[in-house]
Amino acid sequence: MEIDISGAKVFFDLPIDLPVLGKLQISETLVISWLVMLLITGLCIWLTHDLKVENISKRQALAELIVDKANSFVVGNMGEKFRHMIPFVAALFATSVVSNLISLIGLRSPTADLSTEAAWAVVVFIMITSQKIKTNGFGGYLKGFTTPIAVMTPFNILSELATPVSMACRHFGNILSGVVINALIYGALALASSKLLGLLPGIIGDVLAKIPILEVGIPAITSVYFDWFSGVMQAFIFCMLTVMYIANAAEE
């Protein structure tokens, strides 16, 4: 996709179709998602290698801190009976954070593709629905769509289906907006650098005008928010919504 901003053309990377294996189409998002999973798996193996009871290493201390925070987050928001959810929520948070931050090394974030968040939201929606059925029974689950009165059934069904849609679109929209804004900033700085340095006389101006000097350093400031803060915050919000929706389903 190409956008023209006062003569500067800014390009955004969209999913690139890679070679097809049989009927399976391998996309850029899929490849980087596999890379994210490999990174998380490798990190987990490294953190939990050679565990000790006494004289623990800083690496083990960090691993124990992460586990303790995951335990506190899930049990504190969902209750002791949902302790079995800790691995799922921790994996969801880690995957989201690494996927969001991997753009810092020049790769396209998988979360900038709606299909990624949609898959996560569908999994969470299935867990929410199964918890409601487990709590109220299948008949009670269906009866819930008729409350407070039967005429509200269509609206209750839409509200139920809106849960995964809103979760996916919220996460996707915030991550994609950061990608787009960063691209616009890079484009604007490249144009400004070309115009300003092009004012220099002679061959010096001609050479320096082709070097986007203003792109060095300045985008790092905006990256603190759009990549680091926003990426971690969106992962936290998605996990918080997950635990709250499932916990509320158990109380209905």
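Refer to the preceding data block for the structure.
Residues numbered from 1 in each chain as written. Predicted model: local features only at pLDDT ≥ 70, side-chain atom pairs only at ≥ 80, totals over all residues. Heavy atoms only, no water.

*Asks:* So what exactly am I meant to see when it comes to the overall build of the protein here?
*Replies:* For the protein, the count of helices and strands is 7 helices and 4 strands. Secondary structure elements of the protein, listed N to C terminal, follow the sequence β-β-β-β-α-α-α-α-α-α-α. Evaluated residue by residue, the protein yields a buried proportion of 32% over its 252 residues. (Helix = DSSP H or I, 4+ residues; strand = E, 2+ residues; numbered from the N terminus. Buried < 20%, exposed > 50% of the residue type's maximum accessible area, 1.4 Å probe, protein only.)

*Asks:* It is not clear to me how the packing of aromatic side chains should be interpreted in this structure. Could you clarify?
*Replies:* What characterises a pair of aromatic rings is the spacing of the ring centres plus the angle enclosed by the ring planes. Using the criterion set out here, one finds 3 aromatic pairs in the structure. Ring geometry for Tyr141 versus Phe145: centroids 5.2 Å apart, planes at 75°, classification edge-to-face. For Phe145, a relative accessible area of 12% puts it in the buried group. Looking at Arg59, its charged tip hangs above the ring of Trp46, at a distance of 5.9 Å from the centre. (Phe/Tyr/Trp six-rings, centres within 6.5 Å; stacked < 30°, edge-to-face > 60°. Lys NZ or Arg CZ within 6 Å of the ring centre and 35° of its normal.)

*Asks:* Quick question: what am I supposed to make of the nonpolar core here?
*Replies:* Across soluble globular proteins, nonpolar side chains show a tendency to be buried alongside one another. Ranked by size, the top nonpolar core spans 22 residues in total, and within it Val74, Met78, Met85 and Val89 carry the most contacts. Contributions of two or more residues to this core are made by α2 (58-78), α3 (86-101), α4 (114-143), α5 (153-197) and α7 (218-251). The greatest single-element share of this core, amounting to 7 residues, is contributed by α7. If near-sequence neighbours (up to four positions away) are discounted, Met85 is found in contact with Val74, Met78, Met127 and Ile246. (Core = buried A, V, L, I, M, F, W, Y, C linked by side-chain atoms within 4.5 Å. Contact = heavy atoms within 4.5 Å.)

*Asks:* Got a minute to help me understand the environment of Met244 in this structure?
*Replies:* By the secondary structure assignment, Met244 is in helix α7. According to the relative accessible area criterion, Met244 is partly exposed, its value standing at 32%.

*Asks:* Could you clarify how one ought to interpret α5 in this entry?
*Replies:* Because each turn of an α-helix spans 3.6 residues, side chains separated by three or four positions end up pointing in the same direction. Across its 45 residues, α5 extends 64 Å between first and last C-alpha, which sits within 8% of the 66 Å expected from 1.5 Å per residue. Approximately 35° is the largest bend angle found in α5, and it occurs at Ala162, with the proline Pro164 only one to four residues beyond. (Expected span 1.5 Å × (residues − 1). Bend = angle between axes of the 7 residues up to and from the residue.)

*Asks:* What is the right way to read unusual backbone geometry from this model?
*Replies:* A negative phi angle is the norm for most residues apart from glycine, just as the trans form is the norm for most peptide bonds. The phi angle at Asp50 is positive, at roughly 60°, despite the residue not being glycine. Along the chain, Asp50 falls in the loop between α1 (28-47) and α2. Phi is positive for Asn55, which is not a glycine, with a value near 50°.

*Asks:* What is the right way to look at a nonpolar patch on the surface in this model?
*Replies:* Together, Leu35, Leu39, Leu104, Ile105, Leu107 and Trp228 give the surface a local cluster of nonpolar side chains, amounting to about 540 Å² of exposed area. Along the polypeptide, Leu39 turns up in helix α1. With a relative accessible area of 45%, Leu39 lands in the partly exposed category. (Patch = residues over 30% accessible without salt bridge, like charges linked within 9 Å, V, L, I, M, F, W, Y side chains within 5 Å. Areas by Shrake-Rupley, 256 points an atom, 1.4 Å probe, with all protein chains shown as cover. Salt bridge = Lys/Arg side-chain N within 4 Å of Asp/Glu carboxyl O.)

*Asks:* Help me out: how do you make sense of the side chain of Gln60 in this one?
*Replies:* Note that Gln60 resides in helix α2. Using a relative accessible area of 4% as the deciding quantity, one classes Gln60 as buried. At a separation of 2.6 Å, a polar atom in the side chain of Gln60 contacts the main-chain carbonyl oxygen of Lys52. Once residues within four sequence positions are removed from consideration, Gln60 is found in contact with Leu47, Asp50, Leu51 and Lys52. (Polar contact = N/O pair within 3.5 Å; in protein donor to acceptor, adjacent residues only side chain to side chain.)

*Asks:* Any chance you could explain the packing of α1 against α3 here in plain terms?
*Replies:* The relative placement of two packed helices is expressed as an angle between their axes plus a distance between the axes. In contact at an axis separation of 10 Å, α1 and α3 are set at 120° when each is read in the N-to-C sense. Here α1 lies oblique to α3, going by the angle between them. Pair α1 / α3 crosses with right-handed handedness. On the side of α1, the interface is formed by Val36, Leu39 and Ile40, while α3 contributes Ala94, Thr95, Val98 and Ser99. Partitioning the contact of α1 with α3 into residue classes produces 5 nonpolar, 2 polar and no charged. (Axes fitted to C-alpha atoms, helices over the stretch in contact; angles between N-to-C directions. Parallel < 35°, antiparallel > 145°, perpendicular 65-115°, else oblique. Left-handed = near helix turned anticlockwise from the far one by under 90°. Nonpolar A, V, L, I, M, F, W, Y, C, P; charged D, E, K, R; others polar.)

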